[in-house]
Every structure is written in C-alpha cells, then in structure tokens.
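Summary of the model geometry
Chain residues, written in single-letter form:
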Amino acid sequence: MLPEVSLGLWQNFGDERRLDTQRAIIRRAFDLGVTHFDLANNYGPPYGSAERNFGRILREDLRPYRDELIISTKAGYDMWPGPYGDRGSRKYLLASLDQSLARMGLEYVDIFYSHRADPDTPLEETMGALATAVTSGKALYAGISSYSAERTAQAAAILRQLGTPLLIHQPSYSMLNRWIEDGLLDTLAAEGVGCIAFSPLAQGVLTGKYLAGVPAGSRASQDGSLSADQLSEENLARVSGLNDIALARGQSLAQMALSWVLRDQRVTSALIGASSVAQLEENLAAAGQADFSESELAAIDRYATEGHLNIWAASSEAPPAQRR
C-alpha cells in the first residue's frame, strides 16, 4: 500500500541544503499523495543529518499526520569508526536503529532495512536483528536492500521461521540497470515480498540533463556517487534514443523512466529524490502512466540496455557468510 512514487532523502536533505527548501519539498510531496519517506542512517552529508532534518520537519509540520506516513530507515553502510559501525552485525543494526529513532524523534519506524548484504556476518544474525527490531516495537516491518535473488529467498525463509515476515526489498532498478529482471523479481513474487526500486532515474542520467554536457552543480560534477566516466558515449546515445520515445509519448524522459519501472506489477513503488519542488512535481506526474504499447516497449528495449551504472552490485554479488 505504498504510493506509486515515494520520496527518498539520500541526496539533497543534508546540512548543505537550506532547511526551508527541504521543508517545501517534503510538504508538497505529502500534499500530492506521497505517504512514504525513505531514509538511512548515513544520509546527509554529514552522516545523520538527513534524519535530523527530517525529524525537525516532522515535528514542526507533519506530526499530526504521523499515522498517515510510512517512514523507513536503514543500516548497513559505514556510519561510525571502528568495526561495529558498518555492515550487518546485530550490534551495528540495533545500535544504529536506536540512533536513527533519536535523530528523528520517533518511537518507531515503519520499515527498517538491512541496507546491504554482508559477506562476513551470517545471514541468520542479520535477519535475527531485523526480527528483534520488529518484536521490540522499534520497527513495524523488516526489509532488505541490494540482496541477490538467492540470498533474498534465504532471508525470507529465516524471517518466516522467526515469525517476522520479510515485507519489502529495495533494489536499484532503471532502464540502464535491469539486473533484478534476472531472477530477483521472480523470487519476490514467489515469496510475496514487495519491491521498491531506488535510483529509477539512474542518479539523474535518465533525466536527459547530461545530453549537452555536465551541468555545474549536478551530481556528476561533484565526483560523488555518479562519476563522469559513467556518462559514456554509449550511455548518452541510449539516453538520447529513449528521450525521443518519451517525447513521442508526451512525457519527459524522467517521467517515462519512472513509468517504465512501474510497468511491472511486481514493482510496488519507485523511489525518487528531488532538489526542488518543480522537479518533484514533474516526477510525480509519472504516476498512473505505466501503460505502454507493445511497440513502445520494443522500441525502449533497443536502448534500455546495461549501462554499467550499478555501483551497488557488490552487495548482491557477495557470497553469503557461513553460519559459525
């Protein structure tokens, strides 16, 4: 029961962005029907600042609507120094959840995720920590992110045995990153697990903003999660072809990219970011537009091929740790 398009706070909600801009985006999203806001412990920068900022906006603007909201957070990537502030141990996940709740001023989150698979921690330990988060009342549901199909099935079986069903998987998925079509979506359907796709716009590549070069201030110009070398001639040619199809459909490329992700009934929601209210409004207009003709899908498939943009592949490809 998530909205077709959910709002993620990975980028644009740290301390380097004006709080009034963040507030305007979040309030407008809620007014337009976005009921799901997705965070993680280390979103910022600096780490933790997105949760603190969201907590303030929640307290000052959205507190009366808490029971209308799905708020999620995650732990699994680097958060604090030393061996206990990273990956998938019980110690890290549960300590991080307590810290996230304190930053947001919440008694519970709706979904708590294992943010990535950990090849060094037995899956039983990681899933046991998620089950504890739920049974303790600090989370209502358990989720995982960037797990392979095989490990997802194993995680679901462990959680089922513990009496805490696996609710949702959050994988990267876009026209240029289609790895979940090779088994994971089938596994999620078989297990009755929801799927919320993150980076459906390939970190902005599928907005068309890079067709004329790298704009100043864009994500690729900052040498962060999207590096300029990912904007290869081949990828830009794919984007150009997809842009022509979008225009013929009467959509922007970003809107078509979101609609395309949502075309599959196994995908529950597409998770977007936003740096402005205008960008948010454009992307939310993709909701309800997931009908494609066979000829449109065939045309898209000519360009929607692997673009080597999956920087999270290491998580899904890592072999599971053995139980000790």
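Nothing here was measured: the structure is a model prediction, and the numbers come from that model.

1. Things to note about the pairing of strand β6 (residues 166-170)
With 4 of 5 residues buried, β6 is to be regarded as a mostly interior element. The pairing of strand β5 (residues 139-145) with β6 spans 4 bridges and is parallel. Note on β6: the bridge partner recorded for Ala 142 is Leu 166. In the classification by handedness, the crossover that spans β5, the intervening helix α5 (residues 149-161) and the parallel β6 is right-handed. Where β6 and strand β7 (residues 194-198) come together, 2 bridges link them in parallel fashion. Paired with Ile 168 across the bridge in β7 is Gly 194. Taken together, β6, helix α6 (residues 184-191) and β7 constitute a β-α-β crossover, and its handedness is right-handed.

2. Re the packing of α5 against α6
At a closest axis distance of 9 Å, the pairing of α5 and α6 adopts a crossing angle of 20 degrees. Relative to α6, the element α5 lies roughly parallel. Between α5 and α6 lies a crossing of right-handed hand. From α5, Ala 149, Thr 152, Ala 153, Ala 156 and Arg 160 reach across to α6, where they touch Leu 184, Thr 187, Leu 188 and Glu 191. Here the contact of α5 with α6 is built from residues that sort into 5 nonpolar, 2 polar and 2 charged.

Calculation rules
- Residues numbered from 1 in each chain as written.
- Predicted model: local features only at pLDDT ≥ 70, side-chain atom pairs only at ≥ 80, totals over all residues.
- Heavy atoms only, no water.
- Buried < 20%, exposed > 50% of the residue type's maximum accessible area, 1.4 Å probe, protein only.
- Helix = DSSP H or I, 4+ residues; strand = E, 2+ residues; numbered from the N terminus.
- Pairing = 2+ DSSP bridges.
- Right-handed = clockwise from strand over helix to strand, strands pointing away.
- Axes fitted to C-alpha atoms, helices over the stretch in contact; angles between N-to-C directions.
- Parallel < 35°, antiparallel > 145°, perpendicular 65-115°, else oblique.
- Left-handed = near helix turned anticlockwise from the far one by under 90°.
- Contact = heavy atoms within 4.5 Å.
- Nonpolar A, V, L, I, M, F, W, Y, C, P; charged D, E, K, R; others polar.

Shape descriptors only; they carry no functional weight alone.
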